[in-house]
Amino acid sequence: MTILVLSNTFDPHVAAVEIELRKKGQQYLRLDTDTLDKRSSVRFAVGPSPTPQVRISCGGQCLELSEITAVWYRRPELPAFSYWSSSDARQFARHETQAVIDNLVALLDLQGVRWLSRPEAIRRAGNKIRQLADARQLGFEVPPTLVSRDSDEIREFAGNHANTIAKLVSKGVPRTPNIEDQYTVFTTLLSAVDLANDAKLAACPAQYQLYVEKAFEVRVTVVGSRVLACRIDSQ
C-alpha cells in the first residue's frame, strides 16, 4: 500500500506527518504540486492498454498510478512559473498544470483509492453559507449572518448587534508566487470608522456576523467511522 501526499512546499503539517509515516514504515510519495514547473512531473500515456499509464516523479522517486491505494489531499498549489517574463504565459502554464492535477485526481478516483479528503468534499465544505444552513438543520445555534457589499445594509446589520465581525466569504485567498504580494483579511471586529467608509464596505462582498465570545474551539476530523476531536484554547 502506497500513500500519495498531494500538497505544497510551504505546509509544515505535512513534514510532521511524514515523520510518523516513516516511523510506521509506511510507503508514501509526497508530491508538492507547486514544484511541477521544476523538480516534479506527472506523465500520462494513452495507448493499447485499456487504462492510461500514469507516472509521478518527485525528488528522485517514481510512482505508478496502480501502486497508489490512498491519497492525502493537503492543499496542493500551482507553480509560480517565475521564469516566464509574460504574465499571460504564466497564467496559461498554471491553467494547463491545473488541468494535469485535475486529470490525476479523476484517474485516482476512477481507481477507487481512499481519500483524506476527497477534493469535491473539500470544495463543498468551503461553502460557508451552506455550512451554516446545514448546521441550523442539525440543531446547532449559529450567529446572525449577512453577506453583502451594500454599505447601508451592512450598517443596518451592525446596528442591530452589539458587536459585529467581518471575515472572508471564501475559505481563503490563493497563495501568491511572491509572499510580498500576498493579501488576505483575517476575522476582524468592526469599528465605527470601518462602518463609516462606504468605499471599503462596497469594495467586495464580505461575511458579517454577530461576534460571539469564544470559550474554546473544537476541531473535529472524521476518518471513515472514527471521529477524532480536540479542544483548542486559543483565547
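These numbers were taken from a predicted model, which means no experiment stands behind them. (Residues numbered from 1 in each chain as written. Predicted model: local features only at pLDDT ≥ 70, side-chain atom pairs only at ≥ 80, totals over all residues. Heavy atoms only, no water.)

Q: What is the right way to read the pairing of strand β6 (residues 68–73) from this model?
A: Remark: a regular strand shows side chains that alternate across the two faces of the sheet. Counted residue by residue, β6 has five buried out of six residues, so it is predominantly covered. For strand β1 (residues 2–7) and β6, the ladder comprises five bridges, and the chain directions are parallel. Pairing of L6 across the sheet is with Y73, part of β6. Bridging between β6 and strand β7 (residues 114–116) involves three bridges; their strand directions are parallel. Within β7, the position partnered with W72 by the bridge is L116. (Buried < 20%, exposed > 50% of the residue type's maximum accessible area, 1.4 Å probe, protein only. Helix = DSSP H or I, 4+ residues; strand = E, 2+ residues; numbered from the N terminus. Pairing = 2+ DSSP bridges.)

Q: How do you make sense of the packing of aromatic side chains when you look at a structure like this?
A: For any pair of aromatic rings, the description consists of the separation of the ring centres together with the inter-plane angle of the planes. Tallied over the entire structure, the rule returns three aromatic pairs. The interplanar angle of 80° and the centroid separation of 6.0 Å between the aromatic rings of F81 and Y83 together place this pair among those described as edge-to-face. The class for F81 is buried, based on a relative accessible area of 7%. Judged by centre distance (6.1 Å) and plane angle (45°), the ring pair of Y83 and W84 falls under tilted. A residue is classified by how much of its surface remains accessible, and W84, at 42% relative accessible area, is partly exposed. Each residue in the set F81, Y83 and W84 is aromatic and connected to the rest through ring pairs, giving one cluster. Above the ring of F216, the side-chain terminus of R231 is found at 4.0 Å from the ring centroid. (Phe/Tyr/Trp six-rings, centres within 6.5 Å; stacked < 30°, edge-to-face > 60°. Lys NZ or Arg CZ within 6 Å of the ring centre and 35° of its normal.)

Q: Help me understand the sheet that holds strand β3 (residues 40–45), please; the structure alone is not making it clear to me.
A: Adjacent strands of a sheet form backbone hydrogen bonds with each other and so pair up, either parallel or antiparallel. Strand order across the open sheet formed by three strands is β3-β4-β5, with antiparallel pairing between neighbours. Two strands bound the open sheet, and with one partner strand each, they are β3 and β5 (61–64). Across this sheet, the average inter-strand angle for adjacent strands is 15°, counted without regard to direction. Bridge analysis of β3 against strand β4 (residues 53–58) gives six bridges, and the strand direction is antiparallel. Residue S40 lies in a different strand from β4, and its bridge partner there is C58. Strands in contact with helix α2 (residues 87–111) are β3 and β4; relative to β3, the strand with the most contacts, it is inclined by about 60°. (Axes fitted to C-alpha atoms, helices over the stretch in contact; angles between N-to-C directions. Contact = heavy atoms within 4.5 Å.)

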